[in-house]
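The residues making up each chain are set out below.
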Amino acid sequence: MPSGRRWRGGFPCDTGNGTGSGTGSGTGSGTRSTPSASRRDPSRAAPPPARREATCARGRPLPTCPWRRAPRNSAPPPVVQRGIVKMVLSGCAIIVRGQPRGGPPPERQINLSNIRAGSLARRAAASQPDGRDTPDEPWGFPAREFLRKKLIGKEVCFTVEYKTPQGREYGMVYLGKDTSGENIAESLVAEGLASRREGIRANNPEQSRLAELEEQARSAKKGMWSEGSGAHTVRDLKYTLENPRHFVDSLHQKPVNAIIEHVRDGSVVRALLLPDFYLVTVMLSGIKCPTFKREADAEVPEPFAAEAKFFTESRLLQRDVQIVLESCHNQNILGTILHPNGNITELLLKEGFARCVDWSIAVYTRGADKLRAAERFAKERKLRIWRDYVAPTANLDQKDKQFVAKVMQVLNADAIVVKLNSGDHKTIHLSSIRPPRLEGDSAQDKNRKLRPLYDIPYMFEAREFLRKKLIGKKVNVSVDYIRPASSATDTVPAFSERTCATVSIGGINIAEALVSKGLATVLRYRQDDDQRSAHYDELLAAEARAIKNGKGLHSKKEVPIHRVADISGDTQKAKQFLPFLQRAGRSEAVVEYVFSGSRLKLFLPKETCLITFLLAGIECPRGARNVPGLAQEGEPFSEEAALFTKELVLQREVEVEVESMDKAGNFIGWLHIEGVNLSVALVEQALSRVHFTAERSPYCKALLAAQDAAKQRKEKVWSHYEETPVEEVVPVLEEKERTANYKPVFVTEITDDLHFYVQDVETGAQLEKLMENMRAEVGAHPPVEGSFVPRRGDFCIAKFVDGEWYRARVEKVESGGKVHIFYIDYGNKETLPPSRLAPLPPAFSPRVLPPQATEYTFAFIQVPQDEEARADAVDSVVRDIQNTQCLLNVEHLGPGCPHVTLQFADSKSDVGLGLVKEGLVMVEPRKERQFQKVVGAGGHRGLGGAGWVLRGCSEGLEALGGCWDVGWVFGRPEVGAREVWGGFWGYWGCQVSSGGPCAPLTTGADQSWPSCCPIGTMGVPPPPGAAHPQTPELIIDQTLGTLSPGVTPALSPRGHPSPVPPGVTPALSPGVPEWLQTLNLSSRSHCWTPSLAPSQCDP
């Protein structure tokens, strides 16, 4: 209570404040002067009789005592007053308060007249370094306890008999509502806990009654009249603790009996711990009440500070309680006070006198949720300190506060994207947690761009935890608060408005689970910041457990490192990975990002790499793109396709089959999720069309069936589809002819995948003139180093190793000053520093003269998949045609570039045919009839009239002990090879042009070659009823058409040969070409037997 409402002064029966803690002790409601009687030796039960007659209780001469200044009968009759005992100061002094009306009530200190009780201990004032602590006088504490147990909180009536000039009031106190109740002074004297005032004479009934009771107590040897000095009633008070934490821990959170001696404010008390008489200050765990601030020489209460203090005083002051000492924080003891009538901590919160504090609520042993619930109760009713409270979600509808949604994406360790029932997507941030982040100056390479997911410790683990727990599942979302948008500062970037919520699945709080695993930390707030998680205390407790167990971010172990190679757009690395991924078949992957409906970014866990993946077999609508100087709008339904792909596969675990890659280093293949082919799913949803490349895939039928169904529905990309009516007319088959229109070109560059760049000879003079003028311009106005900032797609000029400038295009810009450029007039690529680049003058831009380097690839040949074989072919081409003039004819268009045939300018011989003859490449099978003469199908002359070579394994040969490589078949241009029986090989000599005599074809001969005469078969006779099979292992290559001098072909076994079967005699017919007779067949497992007489077929 405010100290101005308490009477002060001195009187003989004033024996201190009853707590043994005067100035500096924090006890009592005010500071009172210490009477001389309280400073006497406690071993003296009473002063000598002579002293008693000569002095009053203050040690003054009797004529100066205040009560002798006026005759007793001159005082007016006393008025009976009522009040409630708030506090017992000593055995003869109490504080009485009135009834509260609109605030704390007034108080009065009443000293019992005519009696004296022993003084209580007092601690030396902090301002008096030489002062000493004063101990209890004998029987002083029992007297105080007698009154405390009898009067605290009880209604009494009292009369004031006289008042000293200092304002002290003395009178009689009766228990009850009138003077018929128990006389407190007489009860004290009767119990031997007080004596009559020294020097008083029994000249009235009250004095006579006191004298009689004192004599009875003396006779009965009660209290101070008992034998002995009463030293056992003197407390051994302990005002300080040498090690508060050790003291608290030693009690093991067991309840300790105590008396609340003083209330500093609503949440801080001074308690006397029994039975060891420790006098300690206890702060209530988990809460804080408004306090009194000292300004100048006065205490200024915060709003509701006085009311909170009175609330606690009226319930706990000088009551018997139990205290659970729970923790020690900065030498402050935290505890919970238990009273039979309730828990004061929860009551203060519920009545709006206190707020929860984060730093101590975790140690509250009765459950932090109870405190939060009590605080929430007061907030909802806006009680006292919450009178101006506005809930963080007050402006939200109930349906927006709590809802169920499906998780579509995990943005990072504290944010997710969910799909609402309405179909809208919403970003949700987990309340009150912070994801892993780089602390201080990180050791990151400044030349390498920071990738937070992989470079920040434990960020990847946190993201993966959320991804595996939440992706594609429904969660319960409870919005805790909306964080408004903030503008950027020097140290903090700008943030948009955030919806922060508690997300739970299966009763598990995801934020709490993250924190408990050490994958996130808990945010700390200002005490008045109410924007926090509704389960903030559980988060703090989870973090404490993670710290204790050393998990995740709190671990002292070495931080996990994730070395993930990003080969997206890196053609060289992609080429290295391609064969491995092709051989792997189906590989596990995680979809990290969706660029469009058919373009994704994948993370391959086993290979620890990131790749860009394009869906094979379909043509998806292109999305909007921003290119330098132009914003391209997306095609219809591109956004729908991208959204469909996102919802189906984003951040899911999938399986991929890699088939090939494009020239930009993107892998092409098939993606499967839970048995669903994404390409087929997009076609089924009418969000994509089937691409012509799907014809060669095993999923072609499924794609075409899905497309036909989508066409019938006329949805989305097929919404304007009109089915072409089928007219019953006799089709006129017009056989297309191959067009040969060779033009002169100059080959400038050969790539590693056997593509090449050429310049048109006709425009060569224009290019030379442009280059000459451009170099003159650059020489006259040299570019300033650093003036050009390269960006992908920009045209520029680049200084080549010869010191000359050439037109180029920026392909890629890497951190660390590396720029990948493409020379647009020559086709070669190079990596240069920005200092060797300059802006392209407008007079020489591609609009003036288009890029002169045009990309082509060879037609009718297959590039070897084996790296060494492909390198041999590339080396041969570079040796033959690079920087030479050739003749070029476009045969057909391809997905990447036109396919052409190339001839040497002088000899007119075909470059591709030369590769085939050297055995460096294989012929590409073509179904078009106009190309049959070129590839030499059906034994016709083609590519110089080459023969055929058959390689591979078949069932019949494997059964005989191994796979055989048939070898090269040389001879006249008409000599070829074809399979006639499953597992057996045959050789024929074909008379296509001569039309010579030929016996009827034997069983199994290829019916498409009516003029072909077989000259022999290899192997044992076929089994009865054998059919002509389609052996998938058969590989047909075109090779040399004529036998070079000195070359001896042979049949070479692969694996181990088998001996010649019994009864089989190796033989050669006389009609077999002469060079075949040089073969040593006696050691082979098969023989050569003629099928027709030599006279019937010209070898």
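J.: Before we move on, could you go through the overall build of the chain and cite the residues and values that matter?
T.: Looking only at helices and strands, the chain features 23 helices and 57 strands. Put simply, 65% of the contacts in the chain that link residues at least 6 apart link residues at least 24 apart. Just so you have it, the chain exposes about 56000 Å², and 51% of that area is on carbon and sulfur atoms.

J.: Kindly report on the packing of aromatic side chains, identifying the contributing residues and their values.
T.: A full pass over the atoms with the stated rule returns 20 aromatic pairs. With centroids separated by 4.9 Å and ring planes inclined at 55°, the aromatic side chains of F247 and Y278 adopt a geometry described as tilted. Here F247, found in helix α5 (residues 244–251), pairs with Y278, found in strand β11 (residues 278–284); they are 31 residues apart in sequence, far enough to count as distant. Relative to F460, the ring of Y454 lies with its centre 5.8 Å away and its plane at 35°, an arrangement referred to as tilted.

J.: Run through the sheet that holds strand β45 (residues 854–858), naming residues and quoting values.
T.: In space, the 5 strands of this closed barrel follow the order β38-β39-β45-β48-β47, with mixed pairing throughout. Put simply, the sheet's adjacent strands are angled 60° from each other on average, direction ignored. Both strand β39 (residues 755–760) and β45 contribute to a ladder of 4 bridges, which runs antiparallel. Each residue of the ladder has a partner; that of V758, found in β45, is T854. The sheet strands contacting helix α20 (residues 867–881) are β38 (743–750), β45, β47 (885–892) and β48 (899–904), and the helix crosses β38 at an angle near 130°.

J.: Account for the pairing of strand β40 (residues 795–799), naming residues and giving values.
T.: Alignment of β40 against strand β41 (residues 805–814), held across 5 bridges, turns out to be antiparallel. By the bridge assignment, K799 is partnered in β41 with W805. The pairing of β40 with strand β44 (residues 837–839) spans 3 bridges and is classified as antiparallel. Residue pairing in the sheet places I797 in a bridge with A838 of β44.

J.: Talk me through the pattern of salt bridges; I want residue IDs and the actual numbers.
T.: Between side chains of opposite charge, pairing is possible as soon as their charged atoms come close. All chains considered together, the criterion is met by 48 salt bridges. R209 is the partner of E212 in a salt bridge, and the nearest nitrogen-oxygen pair spans 4.0 Å. Remark: R209 and E212 occur in helix α4 (residues 205–220); sequence separation between them is 3 residues, near one turn of the helix. For E212, a relative accessible area of 41% translates into the label partly exposed. Under the relative-accessibility criterion, R209 is labelled partly exposed at 35%. Taking the shortest distance from any N to any O, the salt bridge between R926 and E924 comes out at 3.7 Å.

J.: For the nonpolar core, give the residues involved together with the corresponding values.
T.: Ranked by size, the top nonpolar core spans 47 residues in total, and within it I416, I428, I433, L470, V503 and L514 carry the most contacts. A per-element tally of this core places helix α12 (residues 459–470) first, with 6 residues.

J.: So what's going on with unusual backbone geometry? Which residues, and what values?
T.: A cis amide bond links L274 to the next residue, P275, at an omega of 5°. Phi is positive for N114, close to 75°, though the residue is something other than glycine. Along the chain, N114 turns up in the loop between β3 (107–112) and β4 (115–116). In the Ramachandran plot, T608 falls in the positive-phi region, its phi being about 45° despite a non-glycine side chain. Structurally, T608 is set in the loop between β29 (599–604) and β30 (609–615). Residue classification places T608 among the partly exposed residues on the basis of a relative accessible area of 35%.

J.: I'd love a proper account of the side chain of D414, names of residues and values included.
T.: Along the polypeptide, D414 turns up in the loop between β19 (402–412) and β20 (415–419). One buried charged side chain, D414, makes no salt bridge at all; its nearest oppositely charged neighbour is R498, positioned 5.0 Å away. Here D414 is in contact with I428, H429, L430, I433, P435 and L466, once residues within four sequence places are set aside.

J.: Account for the environment of L682, with residues named and values stated.
T.: Relative to the assigned elements, L682 resides in helix α17 (residues 678–684). Here L682 is in contact with G597, L615, I618, A641, F644, T645, L687 and S688, once residues within four sequence places are set aside.

J.: Can you lay out the sheet that holds β44 for me, pointing to particular residues and giving the numbers?
T.: The sheet built from 5 strands is open, its strands ordered β43-β42-β41-β40-β44 with antiparallel pairing. The open sheet has two edge strands, β43 (829–832) and β44, and neither has a second partner. Strand-to-strand twist in this sheet, taken as the mean axis angle between neighbours without regard to direction, amounts to 45°. As paired elements, β41 and strand β42 (residues 818–823) share 6 bridges and run antiparallel to each other. The residue of β42 that forms the bridge with V810 is I821. Relative to the sheet, helix α19 (residues 764–780) contacts β40 and β41, its axis offset from that of β41 by approximately 75°.

J.: Lay out helix α9 (residues 368–381) in plain terms, naming residues and giving numbers.
T.: Since the α-helix advances by 3.6 residues per turn, residues separated by three or four positions end up pointing in the same direction. Along its 14 residues, α9 runs 20 Å from first to last C-alpha, staying within 8% of the 20 Å computed at 1.5 Å per residue. Every buried residue belonging to α9 is among A368, L371, R372, A374, E375, A378 and K379, and all of these are buried. End-on, the buried residues of α9 take up no more than an arc of 160°, which puts them together on one face. Away from the buried face of α9 by more than 90 degrees, exposed residues D369 and E380 are located.

J.: Go over a positive patch on the surface with me, naming the residues and quoting the values.
T.: Residues K469, K473, K517 and K551 make up a contiguous surface patch of positive charge. Within the secondary structure, K473 is located in the loop between α12 and β23 (474–483).

J.: Can you break down the pairing of β3 residue by residue, with the values?
T.: The element β3 is largely enclosed, with a buried count of 6 among its 6 residues. Sheet analysis places strand β2 (residues 93–97) next to β3, joined by 5 bridges and oriented antiparallel. What sits directly across from V96, in β3, is R108. Bridging between β3 and strand β6 (residues 169–175) involves 3 bridges; their strand directions are parallel. Of the residues in β6, the one forming a bridge with L112 is G171.

J.: Explain helix α15 (residues 571–584) to me, and be specific about the residues and the numbers.
T.: The first and last C-alpha atoms of α15 sit 20 Å apart over 14 residues, in line with the 20 Å expected at 1.5 Å per residue. Bending of α15 peaks at approximately 35° at the position of F577, with proline P579 no more than four residues after it. Buried residues of α15: A574, L578, P579 and L581, and no others. Residues of α15 that are buried make contact with β29, β34 (653–661), β35 (667–673) and α20. G585 sits one or two residues past α15 and shows a positive phi near 70°.

J.: Let's hear about the environment of L334: which residues, and what values?
T.: On the secondary structure map, L334 appears in strand β16 (residues 332–339). L334 sits in the buried class, given a relative accessible area of 2%. As for L334 and V248, which are separated by 86 residues in sequence, their C-alpha atoms are 9.1 Å apart. When residues no more than four places from it in sequence are discounted, the contact partners of L334 are M283, S285, V324, L325, E326, S327, H329, W359, S360 and V363.

J.: Tell me about the side chain of T612, and name the residues and values.
T.: Summarising the element assignment, T612 is placed in strand β30. Residue T612 is classed as buried on the basis of its relative accessible area, which comes to 5%. A distance of 3.1 Å separates a polar atom in the side chain of T612 from a polar atom in the side chain of S568. Not counting residues up to four positions away in its chain, the partners in contact with T612 are S568, R599, L600, N666 and F667.

J.: Kindly report on the confidence of the model for the chain, identifying the contributing residues and their values.
T.: Taken residue by residue, the chain gives an average pLDDT of 78. The fraction at 70 or more is 75%. Note that pLDDT drops below 50 for residues 1–73; the model gives that stretch 178 contacts with residues more than four away or on any other chain. Scored below 50 in pLDDT, residues 729–733 shows 0 contacts in the model against residues more than four places distant or in partner chains.

Thresholds, definitions, all that
Residues numbered from 1 in each chain as written. Predicted model: local features only at pLDDT ≥ 70, side-chain atom pairs only at ≥ 80, totals over all residues. Heavy atoms only, no water. Helix = DSSP H or I, 4+ residues; strand = E, 2+ residues; numbered from the N terminus. Contact = heavy atoms within 4.5 Å. Areas by Shrake-Rupley, 256 points an atom, 1.4 Å probe, with all protein chains shown as cover. Phe/Tyr/Trp six-rings, centres within 6.5 Å; stacked < 30°, edge-to-face > 60°. Pairing = 2+ DSSP bridges. Axes fitted to C-alpha atoms, helices over the stretch in contact; angles between N-to-C directions. Salt bridge = Lys/Arg side-chain N within 4 Å of Asp/Glu carboxyl O. Buried < 20%, exposed > 50% of the residue type's maximum accessible area, 1.4 Å probe, protein only. Core = buried A, V, L, I, M, F, W, Y, C linked by side-chain atoms within 4.5 Å. Lys, Arg positive; Asp, Glu negative; His and termini not counted. Expected span 1.5 Å × (residues − 1). Arc of directions from axis to C-beta. Patch = residues over 30% accessible without salt bridge, like charges linked within 9 Å, V, L, I, M, F, W, Y side chains within 5 Å. Charge placed at Lys NZ, Arg CZ, Asp CG, Glu CD. Bend = angle between axes of the 7 residues up to and from the residue. Polar contact = N/O pair within 3.5 Å; in protein donor to acceptor, adjacent residues only side chain to side chain. pLDDT = per-residue confidence, 0-100.

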